[in-house]
Amino acid sequence: MSIERAAERLARAEHVLVVTGAGISAESGIPTFRGEGGLWRGLHAQDLATPEAFRRNPRLVWDWYRWRRGVCNEAEPNPGHQALAELERRAPDFLLLTQNVDGLHPRAGSQRLAELHGCIDQARCTICGAITHLDELQDGDDGLPSCSCGGLARPHILWFGEAYWEGTLDVGYAFAARADLVLVVGTSGMVWAPAAVADQARRAGAFMVDVNPNPSELSDAADLWLRGPSGVVLPELIRRAWS
Ligand code: APR
C-alpha cells in the first residue's frame, strides 16, 4: 500500500523537506485560495492580494485582511499541523516551507520553519519598510494601520506579482540539494517557487510524496500520491513510520 511505502521511506530518511500550502489548513476551517469558499464579497484573492489592488483601494484590501486575520486567529491547528511538528522532532534533519500566512504551523509547535509568503499578524510600512506586529500599530486618521513614522502600513505578505524577499528561497534550495525525502502537502502547485523547490529536491534524488485529496500539479511527478485530507493522512503516516 502507498502509505506503507511512504512510511518506510520516511522512517529511513535523514533529511526531510516538507512544503505545505493552503490545503493543510482547510480542516482548520480556513478556506483554500482556489477551492470553494475562496471568494470574499464576490472577489478572488487574485483581485485583492496585489500591489495594484492596494494602491487602488487600501481600505478594501485591509478589510479583507482584517477578516482573514480574524478567521486565522480563531482557527486551531489540526492533526495535520501537529503531525508535522511531531515529524520535526523525529527526523534527524528537517525543514518546513509553507506558503501559508495563517500562523498555524508555529502554533502547532513547528520551529524549523520558513513562512515564505509572510504572516497575517505582521504589517510593513510602505515608506520606511519597518515590519511590526499588527497589535502594536495604531490606526491613522484614515482608519488604516499606520507606522510610527506616519507612513501607511500594508500587510507583510507576498502578493501576486511580487518577487520573493531576498534570501527567502535560498534556505529552501540549499536544503533541497541534500533532501532524501520531500513531502508536499495541500498545495495546488500553481505558485511557482515552492513547487520549484520541491521539484528541485526530487530532481536531486529525493523521494517525493504528495498528500492531497485531489490531483495537483505535482502529483504526476511524485513517486507516491497519498490521496486524502492531510489531517487524516499525515498522523497515519507518522504512526506507521514509527510504530
Ligand atoms: N488536505 C490536503 N489538501 C487539501 C485539503 C485537505 N484537507 N483540502 C484541499 N486541499 C488541497 C486542494 O486539493 C488544492 O490542491 O489544497 C490545495 C489548495 O490549493 P490552493 O488554494 O491553490 O493553495 P496553494 O497551493 O497553497 O496556493 C495558495 O497562492 O494565492 C497564493 O500566495 C498565495 O500562498 C498562497 C498560494
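Residues numbered from 1 in each chain as written. Predicted model: local features only at pLDDT ≥ 70, side-chain atom pairs only at ≥ 80, totals over all residues. Heavy atoms only, no water.

**Remarks on the sheet that holds strand E5 (residues 131-133)**
- Taken together, three strands build an open sheet; the order of strands is E5-E4-E8 and the sheet is antiparallel. Only two strands of the sheet have a single neighbouring strand rather than two, namely E5 and strand E8 (153-157). Strand after strand, the sheet turns through a mean of 45° between neighbouring axes, direction not considered.
- Bridge analysis of strand E4 (residues 118-125) against E5 gives three bridges, and the strand direction is antiparallel. Considered in E5, the bridge of Arg 124 is made with Ile 131.
- Its contacts with the sheet place helix H4 (residues 58-74) against E4, E5 and E8, and it is angled at close to 145° to E4. (Pairing = 2+ DSSP bridges. Helix = DSSP H or I, 4+ residues; strand = E, 2+ residues; numbered from the N terminus. Axes fitted to C-alpha atoms, helices over the stretch in contact; angles between N-to-C directions. Contact = heavy atoms within 4.5 Å.)

**A word on the nonpolar core**
- Formed by 27 residues in total, the largest nonpolar core has its most connected members in Val 16, Val 18, Leu 87, Leu 183, Leu 234 and Leu 237.
- Looking at this core, the elements that each hand over two or more residues are helix H1 (2-12), strand E1 (15-20), helix H5 (79-90), strand E2 (93-98), strand E9 (181-185), strand E10 (207-211), strand E11 (224-226) and helix H9 (230-241).
- Ranked by residue count, the leading element in this core is H9, at five residues.
- The residues contacting Leu 183, other than those within four sequence positions of it, are Leu 17, Val 18, Val 19, Leu 84, Leu 87, Val 209, Val 211, Leu 234 and Leu 237. (Core = buried A, V, L, I, M, F, W, Y, C linked by side-chain atoms within 4.5 Å. Buried < 20%, exposed > 50% of the residue type's maximum accessible area, 1.4 Å probe, protein only.)

**Regarding the pattern of salt bridges**
- The tally for this structure, following the rule as stated, stands at 16 salt bridges.
- With a shortest N-O distance of 4.0 Å, Asp 63 and Arg 41 are connected by a salt bridge. Placement of Asp 63 in helix H4 and of Arg 41 in the loop between E1 and helix H2 (45-48) is noted, with a sequence separation of 22 residues between them.
- Owing to a relative accessible area of 26%, Asp 63 belongs among the partly exposed residues under this scheme.
- Via salt bridges that share partners, Glu 4, Glu 236, Arg 239 and Arg 240 belong to a single interconnected network. (Salt bridge = Lys/Arg side-chain N within 4 Å of Asp/Glu carboxyl O.)

**Regarding the domain arrangement of the chain**
- Domain boundaries in the chain define domain 1 (1-30 + 77-117 + 163-243) and domain 2 (31-74 + 120-157).
- Between the C-alpha centres of domain 1 and domain 2 there is a distance of 27 Å.
- The junction of domain 1 with domain 2 conceals about 1000 Å² of combined surface from both sides, 63% of it contributed by carbon and sulfur atoms.
- When residues of domain 1 are sorted by the area they lose upon contact with domain 2, Ile 30, Val 101 and Trp 165 head the list and together hold 51% of the total.
- Where domain 1 packs against domain 2, one counts zero salt bridges.
- Seen at the junction of domain 1 and domain 2, the total is three residue pairs in polar contact (both at pLDDT 80 or more).
- Grouping the amino acids of the side of domain 1 that touches domain 2 by side-chain chemistry returns eight nonpolar, four polar and two charged. (Domains from an automatic or database assignment. Buried area = accessible area lost by both parts, 1.4 Å probe. Polar contact = N/O pair within 3.5 Å; in protein donor to acceptor, adjacent residues only side chain to side chain. Nonpolar A, V, L, I, M, F, W, Y, C, P; charged D, E, K, R; others polar.)

**Details of H1**
- By the burial criterion, the buried members of H1 are Ile 3, Ala 6, Ala 7 and Leu 10. Buried residues of H1 fall within an arc of 100° about the axis and therefore sit on the same side.
- Contacts from the buried residues of H1 go to E1, H5, E9, E10, E11 and H9. (Arc of directions from axis to C-beta.)

**Brief notes about the side chain of Ser 216**
- Secondary-structure assignment places Ser 216 in the loop between E10 and E11.
- Each residue touching Ser 216, except ones within four places of it in the same chain, is listed here: Thr 187, Ser 188 and Asp 210.

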